[in-house]
Every structure is written in C-alpha cells, then in structure tokens.
Amino acid sequence: RSRGLGDVYKRQKQIRYYKGSCPISVKKEINASVKDIWKTISKEGNLNYVHPFCKNNYSICWEGKSSIDVLEYLNGLKFTREFQTWNTEIGYSLLIGTKNGKRSYVEWEIVSKNNKNYLSITIYPHYMSNYPKILSFIPYQIKVKPKLKKYLESVLGGIEYYLTNKKAVPKNYFGKHEWFSKK
C-alpha cells in the first residue's frame, strides 16, 4: 500500500513523539554474517525461534515496512508490532504495544565494525512518558531501565543462540522475566 506525503509527515511527527522518552539500548556481537542476521530478524514469525519469552508470534500482514504481527508472551500478554521502517540488511523500526493501549518505539539495527557484526535493539518506552521527567526519572531508572535491559539482552541472546545452534531458543533460557514469563 502506498502512502502519500501527508502520511510521511504524520509518521515522522509520530516517531518524534515516541523518541521523546529516554531510550534503552543493548548491542551484542553476533557471530554470523549480516545476511544471516537479517534473514533471521526479518523472517515472518521469527520470534517463535529467537525470543525466549515468546509463546506465539504470527503475522497479520508481512510486507516489509507495512508489516504487522502479534507477539504473545509466555504469560498471555499480547502486543501488536506495527513496522515503521524497513531497510534490508540494515534494520527496521516498529511500534509495539497492546491493541488499544500505549505503544513504545523500537529500532533494530545491524552494524558491521572491525570485521565484526553487531545487532542492537533500542526501545523508547512509553512508561511514564506523560509525566514530567523530574517525576519519572527515579522510577524509570530503578524499575523500567533494568528490566527492559535484561529483556533486550535475553532477546539478543536468543538470536545468537538460534544462529549458533540452528534451533529455537528454549523458553526462559536466560532466566524468567517478571513482566513476560508465566507467574
């Protein structure tokens, strides 16, 4: 589906809004080619194989930057992912959240440096985004940042596990997560 210029400006404004929160970013060296990393993260239903807290990942529409899929966590929580950008062998961005709830902005990026390949995930969380930064800073630093960092490390570890072992990462392989594992 094509988008007009008005849609592009609307999307850019929306992304600036989401990027207004403090990002949490994790980068991991992945011992695989850029082509293999991209093939893994861009494959329809890929979270079924690489995500240690994923119960089910299915697509609604899988067409590059217009893709939409659903991630159901081990605890039953369902998030919809709506892709915003899609750059082959470089990365993509998406909005993630509950169907009618708040959403966070996420960027996935493949970087090659000094003959090594890295995958990074940066999330701009919606948590307390409507509060003044002075009020949200401490809860964000104490509660949100450490939990999201652990989560992102587990997801990147799952991608590395899948690429190394050629099989799906076991559920909760890097430990349970308070927000996404079964209670």
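Keep in mind that this is a model prediction, so the values were computed, not measured.

A. Expanded view of the packing of aromatic side chains. Scanning all chains against the criterion turns up 19 aromatic pairs. With centroids separated by 4.9 Å and ring planes inclined at 55°, the aromatic side chains of Tyr-161 and Tyr-173 adopt a geometry described as tilted. You can see Tyr-161 sitting in helix α4 (residues 133-165) and its partner Tyr-173 sitting in the segment after α4, a full 12 residues away along the chain. With relative accessibility at 13%, the residue Tyr-161 sits in the buried group. An aromatic cluster of at least three residues, connected via ring pairs, comprises Trp-38, Trp-62, Phe-83, Trp-86, Tyr-92 and Trp-108.

B. Looking closely at the pattern of salt bridges. Within this structure, the stated rule accounts for 6 salt bridges. A salt bridge links Asp-69 to Arg-81, with the shortest nitrogen-to-oxygen separation between them at 2.8 Å. Within this pair, whereas Asp-69 is found in strand β3 (residues 68-73), its partner Arg-81 is found in strand β4 (residues 78-87), the two being separated by 12 residues in sequence. Just as Asp-69 is buried, Arg-81 falls in that class too.

C. Quick peek at the environment of Lys-55. You can see Lys-55 is positioned in strand β2 (residues 54-61). For the pair Lys-55 and Ser-181, spaced 126 residues apart in sequence, the C-alpha to C-alpha distance is 9.4 Å. Among residues more than four places away in sequence, those in contact with Lys-55 are Asn-48, Glu-72, Tyr-73 and Leu-74.

D. Local environment of the environment of Leu-95. Relative to the helices and strands, Leu-95 is located in strand β5 (residues 91-97). It is 4.7 Å that separates the C-alpha atoms of Leu-95 and Tyr-105, two residues lying 10 residues apart in sequence.

E. Region of interest: the environment of Phe-53. Inspection of the secondary structure puts Phe-53 in the loop between α3 (47-50) and β2. Judged by its relative accessible area of 0%, Phe-53 falls in the buried class. Measuring from C-alpha to C-alpha, the distance between Phe-53 and Asn-172 comes to 5.9 Å, with 119 residues separating the pair along the chain.

F. Quick peek at the pairing of β2. Direction of pairing for β2 relative to β3: antiparallel, over a ladder of 6 bridges. When the sheet's bridge partners are listed, Tyr-58 is paired in β3 with Val-70. Where β2 hands over to β3, the hairpin turn is made up of 6 residues, of which Gly-64 adopts a positive phi near 65°.

G. Broad picture of the sheet that holds strand β6 (residues 103-113). Taken together, the 7 strands give an open sheet; going across it, the order is β1-β7-β6-β5-β4-β3-β2, and neighbouring strands pair in antiparallel fashion. Strand pairing shows two members of the sheet lacking a second neighbour, β1 (24-29) and β2, which therefore form its edges. Between one strand axis and the next, the sheet turns by 20° as a mean value, whatever way the strands run. Two elements, β1 and strand β7 (residues 116-124), share 6 bridges in a ladder whose sense is antiparallel. Looking across to β7, one finds that Ile-24 is bridged to Ile-123. Lying over the sheet, helix α2 (residues 34-42) contacts β4, β5, β6 and β7, oriented at roughly 160° with respect to β6.

H. Molecular detail of the nonpolar core. Counting residues in hydrophobic clusters, the biggest one holds 36 residues, and the most contacted among them are Ile-41, Tyr-73, Tyr-92, Trp-108, Leu-119, Tyr-151 and Ile-159. Ranked by the residues each element gives to this core, the list is headed by α4, at 9 residues. What Trp-108 contacts, discounting residues up to four positions off in sequence, is Ile-41, Arg-81, Ile-90, Gly-91, Tyr-92, Leu-94, Leu-119, Ser-120, Ile-121, Val-155 and Ile-159.

I. Looking closely at a nonpolar patch on the surface. A cluster of nonpolar side chains, contributed by Phe-137, Ile-138 and Ile-142, occupies part of the molecular surface with about 350 Å² of accessible area. Topologically, Phe-137 is positioned in helix α4.

Each value, and the rule that gives it
- Residues numbered from 1 in each chain as written.
- Predicted model: local features only at pLDDT ≥ 70, side-chain atom pairs only at ≥ 80, totals over all residues.
- Heavy atoms only, no water.
- Phe/Tyr/Trp six-rings, centres within 6.5 Å; stacked < 30°, edge-to-face > 60°.
- Helix = DSSP H or I, 4+ residues; strand = E, 2+ residues; numbered from the N terminus.
- Buried < 20%, exposed > 50% of the residue type's maximum accessible area, 1.4 Å probe, protein only.
- Salt bridge = Lys/Arg side-chain N within 4 Å of Asp/Glu carboxyl O.
- Contact = heavy atoms within 4.5 Å.
- Pairing = 2+ DSSP bridges.
- Axes fitted to C-alpha atoms, helices over the stretch in contact; angles between N-to-C directions.
- Core = buried A, V, L, I, M, F, W, Y, C linked by side-chain atoms within 4.5 Å.
- Patch = residues over 30% accessible without salt bridge, like charges linked within 9 Å, V, L, I, M, F, W, Y side chains within 5 Å.
- Areas by Shrake-Rupley, 256 points an atom, 1.4 Å probe, with all protein chains shown as cover.

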